[in-house]
Protein chains: 2
Amino acid sequence: MDSTRTFVKDVKRVVVKVGTAVVTRSDGRLALGRLGALCEQLKELNSRGFEVILVTSGAVGVGRQRLKYRKLVNSSFADLQKPQVELDGKACAAVGQSGLMALYDVLFSQLDVTSSQLLVTDNNFRDSDFRLQLSETVKSLLALRVIPIFNENDAISTRIAVYEDSSGIFWDNDSLAALLATELKADLLILLSDVEGLYSGPPSEANSKLIHTYIKETHQGGITFGDKSRVGRGGMTAKVKAAVHAAYAGVPVIITSGYATDNIIKVLQGERIGTLFHKDAHLWAPRKDVGAREMAVAARDCSRRLQGLSSENRRKILLDIADALETNEKLIKAENGADVVTAQQAGYDKSLISRLELKPGKISGLAKSIRVLADMEEPIGQILKRTELADGLVLEKTSSPLGVLLIVFESRPDALVQIASLAIRSGNGLLLKGGKEAKRSNAILHKVITSAIPDTVGEKLIGLVTSREEIPDLLKLDDVIDLVIPRGSNKLVSQIKESTKIPVLGHADGICHVYVDKSANMEMAKQIVLDAKMDYPAACNAMETLLVHNELLNTSGFNELIAGLRSEGVALYGGPKASTSLNIKETPSFHHEYNSMACTIEIVEDVYAAIDHIHRHGSAHTDCIITEDDETAELFLRQVDSAAVFLNASTRFCDGARFGLGAEVGISTSRIHARGPVGVEGLLTTRWILRGSGQVVDNDKGVIYTHKNIGLQS
Amino acid sequence: MDSTRTFVKDVKRVVVKVGTAVVTRSDGRLALGRLGALCEQLKELNSRGFEVILVTSGAVGVGRQRLKYRKLVNSSFADLQKPQVELDGKACAAVGQSGLMALYDVLFSQLDVTSSQLLVTDNNFRDSDFRLQLSETVKSLLALRVIPIFNENDAISTRIAVYEDSSGIFWDNDSLAALLATELKADLLILLSDVEGLYSGPPSEANSKLIHTYIKETHQGGITFGDKSRVGRGGMTAKVKAAVHAAYAGVPVIITSGYATDNIIKVLQGERIGTLFHKDAHLWAPRKDVGAREMAVAARDCSRRLQGLSSENRRKILLDIADALETNEKLIKAENGADVVTAQQAGYDKSLISRLELKPGKISGLAKSIRVLADMEEPIGQILKRTELADGLVLEKTSSPLGVLLIVFESRPDALVQIASLAIRSGNGLLLKGGKEAKRSNAILHKVITSAIPDTVGEKLIGLVTSREEIPDLLKLDDVIDLVIPRGSNKLVSQIKESTKIPVLGHADGICHVYVDKSANMEMAKQIVLDAKMDYPAACNAMETLLVHNELLNTSGFNELIAGLRSEGVALYGGPKASTSLNIKETPSFHHEYNSMACTIEIVEDVYAAIDHIHRHGSAHTDCIITEDDETAELFLRQVDSAAVFLNASTRFCDGARFGLGAEVGISTSRIHARGPVGVEGLLTTRWILRGSGQVVDNDKGVIYTHKNIGLQS
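Residues numbered from 1 in each chain as written. Chains lettered and ligands numbered in written order. Predicted model: local features only at pLDDT ≥ 70, side-chain atom pairs only at ≥ 80, totals over all residues. Heavy atoms only, no water.

Focus: the pattern of salt bridges
- Summed over the entire model, instances satisfying the criterion amount to 84 salt bridges over all chains.
- The salt bridge involving B:Arg29 is made with A:Asp112; its shortest N-O contact spans 3.2 Å. In this pair, B:Arg29 is assigned in the loop between helix H1 (20-23) and helix H2 (32-47) and A:Asp112 in the loop between helix H5 (89-110) and strand E3 (115-120), connecting two distinct chains.
- Overall, the relative accessible area of 13% leaves B:Arg29 in the buried class.
- The exposure class assigned to A:Asp112 is partly exposed, which follows from its relative accessible area of 27%.
- The partner of B:Asp479 in a salt bridge is B:Arg293, and the shortest N-O contact between them spans 3.2 Å. In this pair, B:Asp479 is assigned in the loop between helix H18 (470-475) and strand E14 (483-487) and B:Arg293 in helix H11 (residues 288-308), connecting sequence segments 186 residues apart.
- The exposure class of B:Arg293 is partly exposed, given its relative accessible area of 27%. (Salt bridge = Lys/Arg side-chain N within 4 Å of Asp/Glu carboxyl O. Helix = DSSP H or I, 4+ residues; strand = E, 2+ residues; numbered from the N terminus. Buried < 20%, exposed > 50% of the residue type's maximum accessible area, 1.4 Å probe, protein only.)

Written as structure tokens, this is what we have:
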């Protein structure tokens, strides 16, 4: 449930208004599919105990369509030659009203719902007895679970210009709906439109954004609504006017599309669809859908200023952060302690709490690693390649920051410090979203770090995203955010990969293999296999599948290896061959990550079969061969197409710190940009700098190309 | 229109069958929204002149629901205590039938369509007079534009087990629909289901793929249909059986979802939705939806074999290709000539034809550049970094091929040769899709190149995609294709970026700026600006915006620059300042790529304003400063965050060949992986190779880390 929509939990009485653009099709006939879906949804609400009141438009359009048809049928050929007079609006309303109500009656009857008709005019409401009586009538109907269907009684209305007169107590069905919602003390008014809600500009324009919450002070007057709806009187301007009126009278309003078949249900489940009007909206925290883009843009601006600093000044920021962390250690520990207590009280499991806790020495350890990072070779502006293209025309390929990174990480608050320092080192802007368990820890760490960033750069270099709901908005900003790095469960990574066009650096699966060749030193094999599985069974670089050469079956070395796994408590699942040979359960799939004290075992014919198995079933993360045969080793190392390929070493070595990359932002199984453990390098891109003295291309006759590699010294 | 669906152009009489799972909701009531949408679509077909026959299910379910409700209403409290007997199926059918027909009548009436009811039993069809009469009746109804609605007359059927007896002339509404379609000589039968069509496995499983065209020989028996539909008798097995029956009797059948509101319309527009059954399907060329994945997988397999070859053998393939191109020059020119003639006859514009034509010397030029590529340093397996992690534990970062590339390119056939040779050089598999104008040229070039690939690798290393319809299928294969490189119009690039999760290397916009600083040598400025705009105005690296320092206004140098542009015929559009100062038209947007003899001019305060303008409105492709002031130059070069940043040189230099990268696969404005002109390097990724002698991590106590950079020599 969206945080701005929680009030729907207390909604009992709801007014739904459906406009002409929803009720009728472009040919003027009733939109049967949409009306059917509307009735089905109202039936659903009715069954769930909501009190449902419907305000419907569409009678005039339906009547006009029907009268045209009737007139045609009744016309002689001579009649058709005459100029056709415009059909009378009130006549159309009268004809259409009965047709519309008949259809509602049939549809609701099919759903075992009784509906009722209430036609009202503006004048009626001038009579206070009428108002009282109307409330009573509606109350009685609702008590009987009957759905009252309201419409303006256009056929007998005495207003002069029905379509234009916007004075009076109400003047169209939007204002009628708002009036009824307040008069009948509804808890919610839903206005169904032909667009998703209110947009910041014309909905047809690409950069118009749906406004999730209307704030009178912010949005009034600043929005172009685009054209009126193609039919009906209202359009978005009328809807907003009615919505503001009802909302400030105390009835929240949601404008959403009536074209979808389930939007009413979604609104009442608190989903964040459409535009909400609520009298207290201006008091709420600034909405994130406005904030997400601004945050990213600010981070980019700050990052450009950061890049403008000298290397020494950038280094100094890191040293200041390291100092600030140590100075504020007590404060940080206190906030972290509070998170830990909350997590314990909430009954989170031990491993989560262990990851959440900043243990003694952690802060100084973090400070130390930041200082190491500060002393690393300057990563920005490194010249990677220098070529003389022609006389006096020199090309350099230089390293430069990616831009703005979005990191979504789970419980570990120390990840925030690592990532923030890597981002600063590499000159990038950063948006961070941590887990809710570490909320207070992340907030204080973010505050301590950003306080150490000088004003010449701006503390918005690093933004802390505090609500999960902002993630979808951020993931849409593929024009401002350059890379997303999810650090957490496979599910998190997969979800993010599914839902963004921004490049994602990370790995969804870590199905790592160890292949024990026939020539393996079996004592070594046992050591490595046990370490690869047991050192941290839930890690992405832990072994999930053990492949064993055929000829090792029934050898004492192999038996000891299996016995070793068993005695450590590792549950074994076999492929078709191993399950028979070893009499163990068969694994449901070779592409399976246990993340626990379990693994798959399979017997393979030879190294080629092992490679084939890894290519077919692996996740191209880390795969290892154990062999004493050099030729076999090199074959495996050359052919296995994974981010990391190991010989006679535990898969657990696949890690940024162990690889000597300093801090690590994650491990990538993506094949582009960065692969395997990613440190500072993965946060950099390149720029081509060309220095000339007036050279032109002139159809390639402008210069004589030399293309001389001139080394990196200038 | 999909190539397998072109027969729909000739469809006049169509039978639509809608099953219980579509007609009724999970609570047993009629699905009003779906029924409404069904009637609206049939009305649409009716208006367009199609002869529409509807076969509907749902009566039994509706009747059961209604009888339950009626029974409840009529029950005493005591009645409700007794065990409830199952309602009689035939009674349900009788009750439901009238309700269902009443609803169809109301819905169709709303749409000014007359419908009619035809209840038939299996036995009726045993009578040949009945068959004749039925055809006549239906013919009369259709002539009057009345929609016949068929249903099995369950209420009076004498079959013992209505739901299980699948003998007879028909045994459910699927077989009834197939029978009617053949009996009434329909041109198409549409079976509406609750899933998108027939899948290769249970639709709920992720790797089940929708089968676009059913081929009896391929698919029969090999498909698990998953569970039967939750309601109704049929399920997918029954539908396939009926569909095969009708298709082999000469009526094509499409199974598609009845949940969507416009699938019937889409089917009749020839869109590729649902599963098609056609008696000639087995004669058609192998379908691409099967082919796309197979093609990509084959390319990957071949690329792994290619990588397994020695460097020398890989080099030899390129030399063989170069020879083969020269040997087959006549053949290639003949096919290319045929393409050119076709394009001329089709009235394509000159620039397209010029790009299409392989001019004299082109083939030998291509052969030459392939030989240069062959002699380049081996790109695969290069050691980029070597670190000793601990004693006897050595880590190497090595270059390796990306995997499988998909290149979509427009008219130039020489691009095929360039890209294919780059792919082979970099050890990648390749799928190529060229423009239809160069169809014959591409086919012969592909044939010549793949013929030179040895069998040990396999000619499927390079696949040629021949139909535009395959592109969407290919773009879905994010698990088999590693990189997409679109080479062509902005529109092509944008479309591809929008529609795939595979990383895309390319640039949608090329809004390149030249900033003329106050200290510029104005003669040089004029030369560079004219070259940047005029050398090839439609190129992505052509200047689109000229930024000029404020102080240059009204100087003779500036006036000459403007005069120069004007005398070359360049149309000038100004920003707010320039349009006033120079009295020229205002540009509608600074983010505009003219791709022609036109450009935007704006006056800026200083270099900072120029940088800001470029960041705000540019596309981060190539931007240039013209200045004689070193400090200003370095500021610009350091701060402008574009793929290529130039000093005193034409933007037109931004090109793979001019940069000395050999052939170019394209220019990337993406910030990750490869940026700017992309040659072989952009087609490579890295792998981490770790060689040990039994080392384990053991909670980081297993080894003593040294992290020593040990240089690239082994």
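Observations concerning the interface of chain B and chain A
- Counting residues at the interface gives 93 residues for chain B and 93 residues for chain A.
- Buried area between chain B and chain A, summed over both chains or domains, comes out near 7,800 Å², and the portion from carbon and sulfur atoms is 52%.
- One can count 18 salt bridges joining chain B with chain A.
- Its salt-bridge partner being A:Glu634, residue B:Arg691 comes within 2.7 Å of it at the nearest N-O pair.
- The tally of links from chain B across to chain A stands at 68 residue pairs in polar contact (both at pLDDT 80 or more).
- Take the side of chain B that touches chain A: its biggest share by element is 11 residues, from strand E23 (residues 684-695) of chain B.
- Pairing analysis gives 5 bridges linking strand E20 (residues 644-649) of chain A to E23(B), with the strands arranged parallel. Looking at the pairing, A:Ala649 lines up with B:Gln695 of E23(B). (Contact = heavy atoms within 4.5 Å. Buried area = accessible area lost by both parts, 1.4 Å probe. Polar contact = N/O pair within 3.5 Å; in protein donor to acceptor, adjacent residues only side chain to side chain. Pairing = 2+ DSSP bridges.)

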